[in-house]
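Coordinates in review
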Amino acid sequence: MSARDAILESIRVRRLARAPMPGIYRAPRSDGDLAEVFAKKMSAQHADVRMLDSMAEVPAAIADILRGRNMAATVHVPPGSELETLALPNVEVRRGPPGPFDAAVTRAPFAIAETGTLVYPSGKGAPASWHFRPVLEIAILRAGDVVAELEDVLAKLGPLPSTLNLVSGPSRTGDIEQTMELGAHGPKALAVLVVRH
Amino acid sequence: MSPDPKAFPQAARDALKDPLLRPALGRLKTHFGAGRAAAVQRYGDFESLREAGKAIRDHAVTHLDDLLVTFEASVNARGGTVHWARDASEARRAILTILQDAGAGTVTKGKSMVTEEIALNPFLEANGIVPVETDLGEYIIQLRKEPPSHIIAPAFHLSKEQVAQTFLAAHTGLDPKRSLEERNALVQEARAILRAQFETADAGITGANFLSAADGAAVIVTNEGNGDLTRLLPKTHIVVTGIEKVVRDMTDVAVLLRLLPRSATGQPISTYVSVMAGPRGTAETDGPENFHIVLVDNGRSSLIGTEAQDVLRCIRCSACINHCPIYGAVGGHAYGATYMGPIGAALNPGVMGVAEAAHHANASTFCGRCAEVCPVMIPLPKIMRHWRAVEYSSGLAPKAITRGLGLWAFAAKRPALYRFGTRVAARLLRLMASSGMVRALPVKNGWFAVRDFPAPHGKTFQQQWKARR
């Protein structure tokens, strides 16, 4: 008998009863504007969240974030993404994968208000590793793309991409003396530009 | 130190005398315990969430065969491959074959307790493959050649000074006079060294916190992002996990994701949650080209239909460990097993055998905190009590305990004798007391070395009860 069949058989012969189908769970929801709830929760997770009125404000915000962290005016933008058309005066734009001291700009197609979470399905122009390679990730999010909870994202998404990344703040570890330190393997800093219109 | 669950009593005594363990164990309450309590408070109706989590896991455990078959079909449909392993040796062999077929020399690893359970690293090394642990805690203990002392915080037992010494000894290419006093300096040093490993590894191995049957997906939660670099940068990604991790779909996973980090570290969500389904798509520029899942039974299916079945609901959050007074006194290494604390006490006798791990089931005060904080409501003390009963009935319990219990049972079945015995004992204890406290007894007993015992007041409970009626 194959290992597969032996394991399945071992489960079947021992089972005494089957538990009923679980009911649908409804999580408690926060009141208020979803983008505002998202911003509050994301900020609490050590991200730099900025509310912008329009996409026209994005270039200045990116330049300001880089200056504020004493970083070179260079960002990596994923080839094949809609961000390639973004005009960034005075900022050098590179297309290759970001290194461990680089900044990357990404576009989050969804976000979750409940936990302050960016949602990135992998795909064309959306390489999953870019959320982990750079030292700084600058995420662009439209306020209208914030949903209440993960279940809403799953409903909108349809079949899963090969990788779905939920990102709730910069990388961190508590492995030394259970004390949080930022920038373990992924970005040390995460900035989120929430664009209202 | 070679892990040996049978050595638990002596290892526990040694651990109690280890001054280096005290500060770490103190952080159980101030960090993990307080964090969970605050997160539960903020959530609101956490009890309904626990009920929902229990129902999902109960359904999964009692439909495991169907879900695994669905999961396998979903993985195949996405171009991945499922491998089944009855025991640790089959699992190790399956992983080695995948790595050899991929021509892998170096493999990065995300945190996985199942790969600890099957002792994967020494096996890979013996076969010429270099495993590199990338979770910071796992990396530290790999350098120190120690097993994890906690299931979510493997280097829980160490101070930052001990970590600094470890790095100074291991990273010989760096300036020996560099400052490693700050925790962040240690984190950044590990980040730099491990990033180079991610970039050059031939394959990556991660565990899975959950499997979604409908999607053929493995879900991992991390705070560091190491699991993702492990999956995404090498050509081959292997997920190694237990058969019990599968649930119906991502909606089930969404509920469990609300329970896991809150119960573990008190976070509302871990920094990263990654859903990994198959190899990279045709339009994608990164991600693995090959995707394998190794499903490990290793004793799990044998618990189905037994008194210990509920332990299969476990989502490995460590809340029971973090709230256990025994773990809090002796730490994780004393258990001599991959799973320690209450979850180890309930699981290990079932999968390792009672003869091997009965000490774990006895390492409990039955205070019940573990069951109170368990996110999926596993009746941990009840399962430990079951293993104690098995130990007793199969004659494995120590002679002193079986004789003592036999003597007690003999008296308890004879009310007159029992009443006489308790009256005599109460009077004798009073005679031996000074200023109301018994300070020593003429028997070989460690109790009085560290404690006194209040002397009985005079009449036994039964005498007082009779008088009152």
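Parameters at a glance
Residues numbered from 1 in each chain as written. Chains lettered and ligands numbered in written order. Predicted model: local features only at pLDDT ≥ 70, side-chain atom pairs only at ≥ 80, totals over all residues. Heavy atoms only, no water. Helix = DSSP H or I, 4+ residues; strand = E, 2+ residues; numbered from the N terminus. Buried < 20%, exposed > 50% of the residue type's maximum accessible area, 1.4 Å probe, protein only. Contact = heavy atoms within 4.5 Å. Areas by Shrake-Rupley, 256 points an atom, 1.4 Å probe, with all protein chains shown as cover. Buried area = accessible area lost by both parts, 1.4 Å probe. Salt bridge = Lys/Arg side-chain N within 4 Å of Asp/Glu carboxyl O. Pairing = 2+ DSSP bridges. 1 Å grid on protein atoms, 1.4 Å probe; cavity = no way out; pocket = protein on both sides within 12 Å on 5 of 7 lines; lining within 4 Å. Points joined across faces, edges and corners; volume = space filled by probe spheres on them. Nonpolar A, V, L, I, M, F, W, Y, C, P; charged D, E, K, R; others polar. Axes fitted to C-alpha atoms, helices over the stretch in contact; angles between N-to-C directions. Parallel < 35°, antiparallel > 145°, perpendicular 65-115°, else oblique. Patch = residues over 30% accessible without salt bridge, like charges linked within 9 Å, V, L, I, M, F, W, Y side chains within 5 Å. Lys, Arg positive; Asp, Glu negative; His and termini not counted. Charge placed at Lys NZ, Arg CZ, Asp CG, Glu CD. Polar contact = N/O pair within 3.5 Å; in protein donor to acceptor, adjacent residues only side chain to side chain. Expected span 1.5 Å × (residues − 1). Phe/Tyr/Trp six-rings, centres within 6.5 Å; stacked < 30°, edge-to-face > 60°. Lys NZ or Arg CZ within 6 Å of the ring centre and 35° of its normal.

**What about the overall build of chain A?**
Secondary structure summary: chain A contains 4 helices and 12 strands in total. Here the C-alpha coordinates of chain A stretch approximately 70 × 40 × 40 Å along the principal axes. Out of the 197 residues in chain A, the part that is buried amounts to 59%. Within chain A, contacts between residues at least 6 apart in sequence are counted, and of these 71% link residues at least 24 apart. Element-wise, carbon and sulfur atoms account for 53% of the exposed surface of chain A, whose accessible area totals about 8300 Å².

**Notes on the interface of chain B and chain A**
Opposite the 93 residues of chain B that make contact, chain A presents 71 residues. Carbon and sulfur atoms make up 57% of the surface buried where chain B meets chain A, a total of about 6600 Å² over both sides. Connecting chain B to chain A are 10 salt bridges. Where B:R258 meets A:E151, a salt bridge forms, and the shortest distance between an N and an O atom there is 2.9 Å. As defined by bridge partners, strand β9 (residues 163-167) of chain A adjoins strand β9 (residues 272-276) of chain B across 5 bridges and the pair is classed as antiparallel. Paired with A:V167 across the two strands is B:Y272, which belongs to β9(B).

**Side note on empty space enclosed by the protein**
Taken as a whole and judged by the stated rule, the model has 5 cavities of 30 Å³ or more. In this structure, the largest cavity spans a volume of roughly 110 Å³. Forming the boundary of the largest cavity are A:I112, A:E114, A:T115, A:L150, A:L166, B:A254, B:L257, B:R258, B:R262, B:P268 and B:I269. Of the residues that constitute the lining of the largest cavity, the class distribution is 7 nonpolar, 1 polar and 3 charged.

**Concerning the sheet that holds strand β3 (residues 130-133) of chain B**
All names here are of chain B. Read across the open sheet, the 6 strands follow the order β1-β10-β7-β4-β2-β3; overall the sheet is parallel. The outermost strands of the open sheet, each flanked by one partner alone, are β1 (81-85) and β3. Averaged over all pairs of adjacent strands, the angle between strand axes in this sheet comes to 25 degrees, irrespective of strand direction. Note that strand β2 (residues 106-109) and strand β4 (residues 203-206) share 3 bridges and pair parallel. For V107, the partnering residue across the bridge sits in β4 and is A203.

**Digging into the packing of helix α1 (residues 3-14) of chain A against helix α4 (residues 64-77) of chain B**
In the contact formed by α1(A) and α4(B), the axes pass within 8 Å of each other and the chain directions differ by 150 degrees. When the axis of α1(A) is compared with that of α4(B), the two are roughly antiparallel. Along the contact surface, α1(A) presents A:R4, A:L8, A:I11 and A:R12, while α4(B) presents B:L64, B:D65, B:L68, B:V69 and B:E72. Of the residues that constitute the contact of α1(A) with α4(B), the class distribution is 5 nonpolar, no polar and 4 charged.

**A closer look at a positive patch on the surface**
Residue and element names in this part refer to chain B. A cluster of basic residues, R419, R423, R427, R430, K459 and K466, forms a positive patch on the protein surface. Counting residues per element, the positive patch draws most heavily on helix α20 (residues 415-432), which supplies 4 residues. Here K466 shows up in helix α22 (residues 461-468).

**Side note on the layout of surface pockets**
Residue and element names in this part refer to chain B. Of the volumes computed, that of the second largest pocket is approximately 950 Å³. Contributing to the lining of the second largest pocket are 41 residues, with P3, E116, A119, P147 and P148 lying nearest its centre. Only α5 (88-101), α6 (113-117), α7 (120-126), α8 (136-144) and α15 (341-352) provide two or more residues apiece to the lining of the second largest pocket. Of the residues contributing to the lining of the second largest pocket, the split by class is 19 nonpolar, 10 polar and 12 charged.

**Points about the environment of B:E391**
Residues and elements named next belong to chain B. Residue position: E391 is located in helix α18 (residues 380-393). The exposure class of E391 is buried, given its relative accessible area of 8%. Once the C-alpha coordinates of E391 and N362 are considered, the two residues, 29 residues apart in sequence, prove to be 9.8 Å apart. Not counting residues up to four positions away in its chain, the partners in contact with E391 are V354, A358, N362, L396, A397 and P398. A polar contact is formed between the side chain of E391 and the side chain of N362, at a distance of 3.1 Å.

**Quick look at unusual backbone geometry**
Excluding glycine, a negative phi dihedral is what most residues carry, and trans is how most peptide bonds are arranged. Residues and elements named next belong to chain A. We note that N90 has phi near 70 degrees; this positive angle belongs to a residue other than glycine. In this model, Q178 sits at a positive phi of 55 degrees, which is unusual for a non-glycine residue. Within the secondary structure, Q178 sits in the loop between β10 (172-173) and β11 (181-182). We classify Q178 as buried; its relative accessible area is 10%.

**Topic: α4(B)**
Residue and element names in this part refer to chain B. Taking 1.5 Å per residue, 14 residues should reach 20 Å; α4 reaches 20 Å between its end C-alpha atoms and fits that length. Those residues of α4 not exposed but buried are L64, D65, L67, L68, F71, E72, S74 and V75. Looking one or two places after α4, you find G79, whose phi comes out positive at around 85 degrees.

**Side note on the sheet that holds strand β8 (residues 246-247) of chain B**
Pairing in this open sheet of 8 strands is mixed, and the strands run β8(A)-β5(A)-β6(A)-β9(A)-β9(B)-β6(B)-β5(B)-β8(B) from one edge to the other. A strand with exactly one partner marks an edge of an open sheet, and here the two such strands are β8 (146-147) of chain A together with β8 of chain B. Where strand β6 (residues 117-121) of chain A lies against β9(A), 4 bridges are found, and the strand directions are antiparallel. Each residue of the ladder has a partner; that of A:V119, found in β9(A), is A:L166.

**A word on the packing of aromatic side chains**
Two measures describe an aromatic ring pair: the distance that separates the ring centres and the angle between the ring planes. All names here are of chain B. Summed over all chains, the structure comprises 7 aromatic pairs over all chains. Ring plane angle 15 degrees and centroid distance 6.2 Å describe the contact between F461 and W465, whose orientation is recorded as stacked. Here W465 and F461 lie together in helix α22, a separation of 4 residues that amounts to about one turn. Given the relative accessible area of 62%, F461 is considered exposed. Across from the ring centre of Y339, 4.6 Å away, lies the NZ or CZ of R316, which sits over that ring. Sitting over the ring of F410, R414 keeps its end group 3.7 Å from the ring centre.

**Quick notes on the pairing of β9(B)**
Residue and element names in this part refer to chain B. In terms of burial, β9 is largely enclosed, as 5 of its 5 residues are buried. The two faces of β9 match: Y272, S274 and M276 on one face and V273 and V275 on the other face are all buried. Both strand β6 (residues 217-222) and β9 contribute to a ladder of 5 bridges, which runs antiparallel. Its bridge partner lying in β9, V219 is registered against V275.

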